[in-house]
Amino acid sequence: NYTTKGNKNTIKLNDYTELKSEALNINWNIPFEELDKKIIKILKGSKKVLFDNSRGDIREFLPKLKHINKNELFQQPRYDYSHAKRKEDYDKIVSGFPLKNKERHFTLKRKCGEVTGEYIGFYDDNTPVRIKQDPFNRISNKPDRIWFYLDNRIIKINMQKILNGPADNRSYSAYDLESAKVTLSWFSISKAINGRYPIWANMFNIWNPQITRTKEKYYYSLCFAFALSENRCIVTKFEKDNPVKGALEVYIDNPLCPTNPESFWRTTLASSIDTNCKNANDLISLIENLYKTWNLEYCKGSKIENIGLDKEAYFKYFDYPDFVTPYSGLIQIKKYAEIHNAEKLLTQFEKIIEQTKKVKEEIYQLLVTEFKYFE
């Protein structure tokens with residue numbers, strides 16, 4: 001449609017994600033007029049895609065925090081405890097990895113954490129790393145917050161995870177209810193739409209859903225319950241004088257244990273669950289029952305040592321015996337159950353897995369059907 005004055009080009013994008021290849025099994029040699037009618041019938045009813053950045057970025061909804069050295073508030077930034085090594089950092093112990101983790105001390109090209117750090121972060125495989133406090137005072141060894149690896153790019157959503165200490169990069173923290181709403185929604189959206197989002201969404205960052213007021217508590221209840229099930233929080237300790245003399249012993253507990261009265265779950269999230277959200281409450285009950293079984297029939301209120309987890313990344317680099325406690329993480333309890341063929345626990349885990357799928361599906365349906373996430 002050329003004009004001498006120039007054209008104003010407007011991109012119009014249609015979403016044909018649901019189109020099946022069988023629909024194109026037509027005779028392409030028929031006259032154009034007939035072919036045009038068939039094509040229009042195939043394409044009729046497709047969704048129009050808003051192909052711009054007006055949806056925003058979910059990071060914009062993170063609450064603000066005070067910088068410890070500045071008298072002003074900043075939106076919660078990502079926290080990274082690793083950076084490229086300088087020339088003088090090679091061939092010496094400069095990272096916060098356990099001393100026995102020689103490969104990461106000497107072959108990794110990044111310096112991770114600090115040798116005398118008084119807090120614990122986690123590397124890719126859940127290896128503990130000593131770290132220092134960050135400029136926003138977010139790090140704690142109490143079970144009073146959770147941490148995430150969160151990538152805001154939709155194309156990278158399969159990387160997301162929940163931990164009880166910072167990941168080496170792209171870490172964000174949930175330290176109160178408002179920060180939990182944003183971060184746990186971000187995590188849940190990522191897991192719910194993974195493998196099910198339209199191709200055009202690859203171009204965008206995750207955006208905040210338009211949650212209806214009547215569904216707000218219900219939606220966040222699903223996200224909180226999903227996190228209670230889908231997390232990699234553990235209980236472990238970093239022994240003293242490791243990796244250097246003078247480093248303190250650091251113990252880290254599980255903030256997503258429903259039976260620990262000091263956990264982030266009990267102090268912050270549990271009271272916000274909507275009693276009308278059946279799938280969320282059913283999942284929470286299953287996990288609570290598993291912890292009751294775990295404590296009453298296995299741990300019996302105390303720590304158990306030498307139970308077969310000594311090859312796990314969060315124990316294998318230390319000299320003390322591997323252990324579990326009544327508050328150990330789900331991934332630790334499940335590993336124990338598999339090693340010791342604890343059928344009662346394994347049966348409970350099967351039920352948790354099935355209910356978690358239901359919760360994730362309901363989150364997806366809310367996003368795409370009620371909140372019109374991709375429209």
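Bear in mind the structure is a predicted one, so any value in this text is a computation, not a measurement.

Colleague: What is the right way to read unusual backbone geometry from this model?
Modeller: The phi torsion of most residues other than glycine is negative, and most of the peptide bonds are trans. In this model, asparagine 242 is joined to proline 243 through a cis peptide bond whose omega is 10 degrees. If you trace the backbone, proline 243 turns up in the loop between strand 12 (236-238) and strand 13 (250-252). Despite not being glycine, aspartate 91 shows a phi value in the positive range, around 65 degrees. Among the structural elements, aspartate 91 can be located in the loop between strand 5 (82-84) and helix 2 (102-106). Judged by its relative accessible area of 67%, aspartate 91 is exposed. Even without glycine at this site, asparagine 341 takes up a positive phi of about 50 degrees. Take asparagine 341: it is sitting in the loop between helix 7 (330-339) and helix 8 (343-370).

Colleague: Can you walk me through the packing of helix 6 (residues 278-299) against helix 8 in this structure?
Modeller: When two helices pack together, their arrangement is captured by the angle between the axes and the distance separating the axes. Between helix 6 and helix 8, whose axes approach to 9 Å, the crossing angle comes to 160 degrees. Here helix 8 runs roughly antiparallel to helix 6, going by the angle between their axes. For the crossing formed where helix 6 meets helix 8, the hand is left-handed. Contact residues: helix 6 offers Asn279, Ala280, Asp282, Leu283, Leu286, Ile287, Asn289, Leu290, Thr293, Trp294, Glu297 and Tyr298, while helix 8 offers Lys344, Leu345, Gln348, Phe349, Lys351, Ile352, Gln355, Thr356, Lys358, Val359 and Glu362. A breakdown of the residues in the contact of helix 6 with helix 8 according to their chemical character gives eleven nonpolar, six polar and six charged.

Colleague: Please clarify how the pairing of strand 11 (residues 171-174) should be interpreted in this entry.
Modeller: Each regular strand carries side chains that alternate between the two faces of the sheet. Covered by surrounding structure in strand 11 are Ser171 and Ser173 together with Tyr172 and Ala174, the residues of both alternating faces. Alignment of strand 9 (residues 146-149) against strand 11, held across four bridges, turns out to be antiparallel. Bridging across to strand 11, tyrosine 149 finds its partner in serine 171.

Colleague: I would appreciate a short explanation of the packing of aromatic side chains in the present structure.
Modeller: The geometry of an aromatic ring pair comes down to the distance between the two centres and the angle between the two planes. Going through the model one piece at a time under the given rule, you end up with 26 aromatic pairs. Taken together, a centroid distance of 5.9 Å and an interplanar angle of 40 degrees make the contact between phenylalanine 187 and phenylalanine 226 tilted. Of the two residues, phenylalanine 187 sits in helix 3 (residues 177-193) while phenylalanine 226 sits in helix 4 (residues 216-229), which places them 39 residues apart along the sequence. With a relative accessible area of 2%, phenylalanine 226 lands in the buried category. Both rings, one in phenylalanine 318 and one in tyrosine 320, keep their centres 5.4 Å apart while their planes meet at 10 degrees; by these two values the pair is stacked. Residue phenylalanine 318 is classed as buried on the basis of its relative accessible area of 5%.

Rules behind the numbers
- Residues numbered from 1 in each chain as written.
- Predicted model: local features only at pLDDT ≥ 70, side-chain atom pairs only at ≥ 80, totals over all residues.
- Heavy atoms only, no water.
- Helix = DSSP H or I, 4+ residues; strand = E, 2+ residues; numbered from the N terminus.
- Buried < 20%, exposed > 50% of the residue type's maximum accessible area, 1.4 Å probe, protein only.
- Axes fitted to C-alpha atoms, helices over the stretch in contact; angles between N-to-C directions.
- Parallel < 35°, antiparallel > 145°, perpendicular 65-115°, else oblique.
- Left-handed = near helix turned anticlockwise from the far one by under 90°.
- Contact = heavy atoms within 4.5 Å.
- Nonpolar A, V, L, I, M, F, W, Y, C, P; charged D, E, K, R; others polar.
- Pairing = 2+ DSSP bridges.
- Phe/Tyr/Trp six-rings, centres within 6.5 Å; stacked < 30°, edge-to-face > 60°.

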